[in-house]
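Coordinate analysis (summary)
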Amino acid sequence: EPEVTQTPSHQVTQMGQEVILRCVPISNHLYFYWYRQILGQKVEFLVSFYNNEISEKSEIFDDQFSVERPDGSNFTLKIRSTKLEDSAMYFCASKGDTQTYEQYFGPGTRLTVT
Amino acid sequence: DQQVKQNSPSLSVQEGRISILNCDYTNSMFDYFLWYKKYPAEGPTFLISISSIKDKNEDGRFTVFLNKSAKHLSLHIVPSQPGDSAVYFCAASASRYSGGGADGLTFGKGTHLIIQP
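The sections below set out a description of the structure shown in this document.

Each helix and strand in chain A was counted, giving zero helices and eleven strands. Helices and strands appear in chain A in the N-to-C order β-β-β-β-β-β-β-β-β-β-β. Taken along its principal axes, the extent of the C-alpha atoms in chain A is 40 × 30 × 25 Å. Relative to its 114 residues, chain A shows a buried fraction of 46%. Accessible area of chain A: about 5800 Å², with a carbon and sulfur share of 45%. The positive charge centre, built from 10 side chains, and the negative charge centre, built from 15, are 4 Å apart in chain A.

Below is the structure:
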C-alpha cells in the first residue's frame, strides 16, 4: 500500500540554524501539506501546496518557513532560523485530487531545537 | 479558538463493548469531517469520513454519525478490540470554500481510547 515517507525521523538543531524536513508524498497525489504538533497540543495546519505553489497557509507559517517540491517527488519544509518554540512533530500529508478529501499522513519528523 | 472540540481527553471501554467518541464544531463552513487514529510515534492514520450532505457513514466496525443542526459528530466502534487503543482525532475541512480543495484540516485535541480486556 502506498504511503507517505518522511526523513529524518528525528532532527536536533541549535537555535538560529536552518533545517530542512523532507517528505515523499504518495506518488500520484496532487495536494501536499505540512502540519505540526507541539507536545501535548493538537495537530495544526501549516501550509498546503498544489500545482507547484502554495494554496493556503496558516498564521503559523510566517517568513521563517518555506516549502518546495524540488524534483517532482520530494516535498520539503525549510525553517530558516529555528526558535525553541519550533520544537514539535512535523507531519507531511498528501491528497489525491479535488474529488477526494482524505489526507494521508507520514510518520512525522520530531524536531528538537536546543 | 477551538473550532473543533473533543471534550473527553480519555475514554476507557471494555473489550467487546461499544466505544463512542464525540466531537463538536463551531464553524458552519465545515463541509467534510474525518476521523484519524494515532499511535505513539506514528502519524495520524485515516479511519473514516463523512460529507455534510450525509448523516451516517459506515465502514466495518466503524460508523460516523453527523448531526448538522447540533454541529456534532460521533464515531462508534463496535465491537471494541484491544488494537483500537489509540488517540482518535476528529478533523474538519471547509474545502468547498477554498477554491480547489487545498485547504488544511482543522483538528480537535484528540481522545485517548483505552480498551480494557
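Taken as a whole, this structure holds 20 aromatic pairs over all chains when the rule is applied. For the ring pair Phe 105 of chain A and Phe 107 of chain B, a centre distance of 5.9 Å and an interplane angle of 80° mean the geometry is edge-to-face. In this pair, Phe 105 of chain A is assigned in strand β10 (residues 104-105) and Phe 107 of chain B in strand β10 (residues 106-107), connecting two distinct chains. Residue Phe 105 of chain A shares its accessibility class with Phe 107 of chain B, and that shared class is buried. With a centroid separation of 5.9 Å and 70° between ring planes, the pair formed by Tyr 36 of chain B and Phe 46 of chain B is classed as edge-to-face. Taken together, the positions of Tyr 36 of chain B in strand β4 (residues 32-38) and Phe 46 of chain B in strand β5 (residues 45-51) put the pair ten residues apart, joining distant regions of the chain. Members of the aromatic cluster, connected to one another through ring pairs, are Tyr 33, Tyr 35, Phe 45, Phe 91, Tyr 104 and Phe 105 of chain A together with Tyr 36, Phe 46, Phe 89 and Phe 107 of chain B. We note Lys 95 of chain A situated over the ring of Tyr 31 of chain A; from NZ or CZ to the ring centre the distance is 4.5 Å.

Let us now look at the sheet that holds strand β7 (residues 65-68) of chain A. All names here are of chain A. With antiparallel pairing, four strands are arranged side by side in an open sheet as β1-β3-β8-β7. The sheet terminates laterally at β1 (5-7) and β7, the two strands that pair on one side only. Averaged over all pairs of adjacent strands, the angle between their axes in this sheet comes to 20°, without regard to strand direction. In terms of strand pairing, β7 meets strand β8 (residues 75-79) through four bridges, oriented antiparallel. Considered in β8, the bridge of Ser 66 is made with Lys 78.

A separate point is the state of the cysteines. A disulfide bridge is the covalent bond that connects two cysteines by way of their sulfur atoms. For the structure shown, the criterion picks out two disulfides over all chains. The disulfide bridge from Cys 23 of chain A ends at Cys 92 of chain A, spanning 1.9 Å between sulfur atoms. An S-S torsion of about -65° defines the bridge between Cys 23 of chain A and Cys 92 of chain A as left-handed. Of this pair, Cys 23 of chain A sits in strand β3 (residues 19-24) while Cys 92 of chain A sits in strand β9 (residues 88-95), and the two are 69 residues apart along the sequence. Classification of Cys 23 of chain A by relative accessible area gives buried; the value is 1%. Across the disulfide, Cys 23 of chain B is cross-linked to Cys 90 of chain B (sulfur-sulfur distance 2.0 Å). With the S-S dihedral at roughly -75°, the linkage between Cys 23 of chain B and Cys 90 of chain B falls on the left-handed side. Within this pair, whereas Cys 23 of chain B is found in strand β3 (residues 19-25), its partner Cys 90 of chain B is found in strand β9 (residues 86-93), the two being separated by 67 residues in sequence.

So, about the pattern of salt bridges. Residues and elements named next belong to chain B. Under the criterion given, the structure shown has three salt bridges over all chains. Two residues, Lys 56 and Glu 58, come together in a salt bridge whose shortest N-O distance is 4.0 Å. One salt bridge in this structure joins Arg 61 and Asp 84, with 2.8 Å as the shortest N-O distance. In this pair, Arg 61 is assigned in the loop between β6 (56-59) and β7 (62-67) and Asp 84 in the loop between β8 (72-77) and β9, connecting sequence segments 23 residues apart. The exposure class of Arg 61 is partly exposed, given its relative accessible area of 21%.

Quick look at the sheet that holds strand β1 (residues 4-5) of chain B now. All names here are of chain B. What the five strands build is an open sheet, ordered β1-β3-β8-β7-β6; its pairing is antiparallel. What marks the edges here is a single partner per strand, and that holds for β1 and β6. Strand direction decides the pairing type here: β6 and β7, joined by four bridges, are antiparallel. Note that in β7 the partner of Asp 59 across the bridge is Phe 62.

Basis of the calculations
- Residues numbered from 1 in each chain as written.
- Chains lettered and ligands numbered in written order.
- Predicted model: local features only at pLDDT ≥ 70, side-chain atom pairs only at ≥ 80, totals over all residues.
- Heavy atoms only, no water.
- Helix = DSSP H or I, 4+ residues; strand = E, 2+ residues; numbered from the N terminus.
- Buried < 20%, exposed > 50% of the residue type's maximum accessible area, 1.4 Å probe, protein only.
- Areas by Shrake-Rupley, 256 points an atom, 1.4 Å probe, with all protein chains shown as cover.
- Lys, Arg positive; Asp, Glu negative; His and termini not counted.
- Charge placed at Lys NZ, Arg CZ, Asp CG, Glu CD.
- Phe/Tyr/Trp six-rings, centres within 6.5 Å; stacked < 30°, edge-to-face > 60°.
- Lys NZ or Arg CZ within 6 Å of the ring centre and 35° of its normal.
- Pairing = 2+ DSSP bridges.
- Axes fitted to C-alpha atoms, helices over the stretch in contact; angles between N-to-C directions.
- Disulfide = S-S within 2.5 Å.
- Salt bridge = Lys/Arg side-chain N within 4 Å of Asp/Glu carboxyl O.

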